[in-house]
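Notes for the structure review
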Amino acid sequence: MTILLQINTSMQETASQSSNLADKVSEKLLTKFADMRRIKRDLGKHPVPHLDHDTFQTFLDPNTAVTSAQKAGLARSDILISELKDAQILVLGVPMYNLMIPSTLKSWIDHVTRAGQTFAFTEDGPVGLLKDKKAYIVIAQGGNFLGTSDDLATAYLRSAFGFMGIVDLEFIYVQGLAMGDEAAKAGLHAASLAIRALI
Ligand SMILES: Cc1cc2nc3c(=O)[nH]c(=O)nc-3n(C[C@H](O)[C@H](O)[C@H](O)COP(=O)(O)O)c2cc1C
């Protein structure tokens, strides 16, 4: 069985273009591969809290998880990591918020990027411990930032996932969503074509 983990990160629900297109990507993959099962996580509706001092101590040494908050914090990270490890395919819906990814996604990354679990530091530097995963990342933008110096999200996600060993990434962009009906329509059309070409 192949597990597809879909992570939506928009603050919107049915109106979210990144979530809708992430659904489209997942559904195409689910149709193509009969043995695939989807797990969905919605960080817009159920955000992962910021990683804080007390929880981080438990990442360094699980024996320091003494308070109920620490135990819950460590358990949360364990669950998110096992969800990620179990999945062979990742599909992310990612709106651009203030020139970056949503902070909820950054929080999720902080909880799953754990030494000894998803990466290790060696004499040669950091090594990603996750192998053989493919990620499809839909980035939705009100503007048109692809290929500009303000497209920080693409570079960041490539580095953050690469740090854990996830290097096979496909980016799909839907742009111009706040630039009028024509631009939005063209952006959605281009994204649909990109999905069709990929899967
Ligand atoms: C808080 C906030 C910040 C935003 N910042 C940007 C931005 O920096 N650049 C941009 O192109 N669009 C920006 N937008 C527009 C969103 O990227 C756009 O509406 C996109 O469709 C949101 O994704 P969604 O449809 O999946 O919710 C912002 C929207 C919100 C709500």
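Residues numbered from 1 in each chain as written. Predicted model: local features only at pLDDT ≥ 70, side-chain atom pairs only at ≥ 80, totals over all residues. Heavy atoms only, no water.

Once that is clear, we can look at the packing of helix α4 (residues 103-112) against helix α5 (residues 152-163). At their nearest, the axes of α4 and α5 sit 11 Å apart, and the two run at 20 degrees to each other. Overall, the two elements α4 and α5 adopt an arrangement that is roughly parallel. In the crossing of α4 with α5, the sense of the turn from one axis to the other is left-handed. For the pair formed by α4 and α5, the contact residues are Leu 105, Lys 106, Trp 108 and Ile 109 on the first element and Tyr 156, Leu 157, Ala 160 and Phe 161 on the second. Among the residues forming the contact of α4 with α5, the class breakdown is seven nonpolar, no polar and one charged. (Axes fitted to C-alpha atoms, helices over the stretch in contact; angles between N-to-C directions. Helix = DSSP H or I, 4+ residues; strand = E, 2+ residues; numbered from the N terminus. Parallel < 35°, antiparallel > 145°, perpendicular 65-115°, else oblique. Left-handed = near helix turned anticlockwise from the far one by under 90°. Contact = heavy atoms within 4.5 Å. Nonpolar A, V, L, I, M, F, W, Y, C, P; charged D, E, K, R; others polar.)

With that out of the way, let us pick up α4. In terms of residue burial, α4 counts as a mostly covered element, since seven of its 10 residues are buried. Where the residues of α4 are buried, they touch β1 (2-8), β2 (36-42), α2 (53-60), α3 (68-86), β3 (89-95) and α5. (Buried < 20%, exposed > 50% of the residue type's maximum accessible area, 1.4 Å probe, protein only.)

Within this structure's numbering, the places UniProt gives as "binding site: FMN" (unreviewed entry) are Ser 10, Ser 16, Gln 17, Ser 18, Met 96, Tyr 97, Asn 98 and Leu 99. As for its placement among the helices and strands, Met 96 is situated in the loop between β3 and α4. According to the relative accessible area criterion, Met 96 is buried, its value standing at 15%. If we ignore the near neighbours within four places in the chain, the residues touching Met 96 are Ala 140, Gln 141, Phe 145 and Asp 150. (UniProt positions renumbered as here; feature names shortened; annotations may be inferred.)

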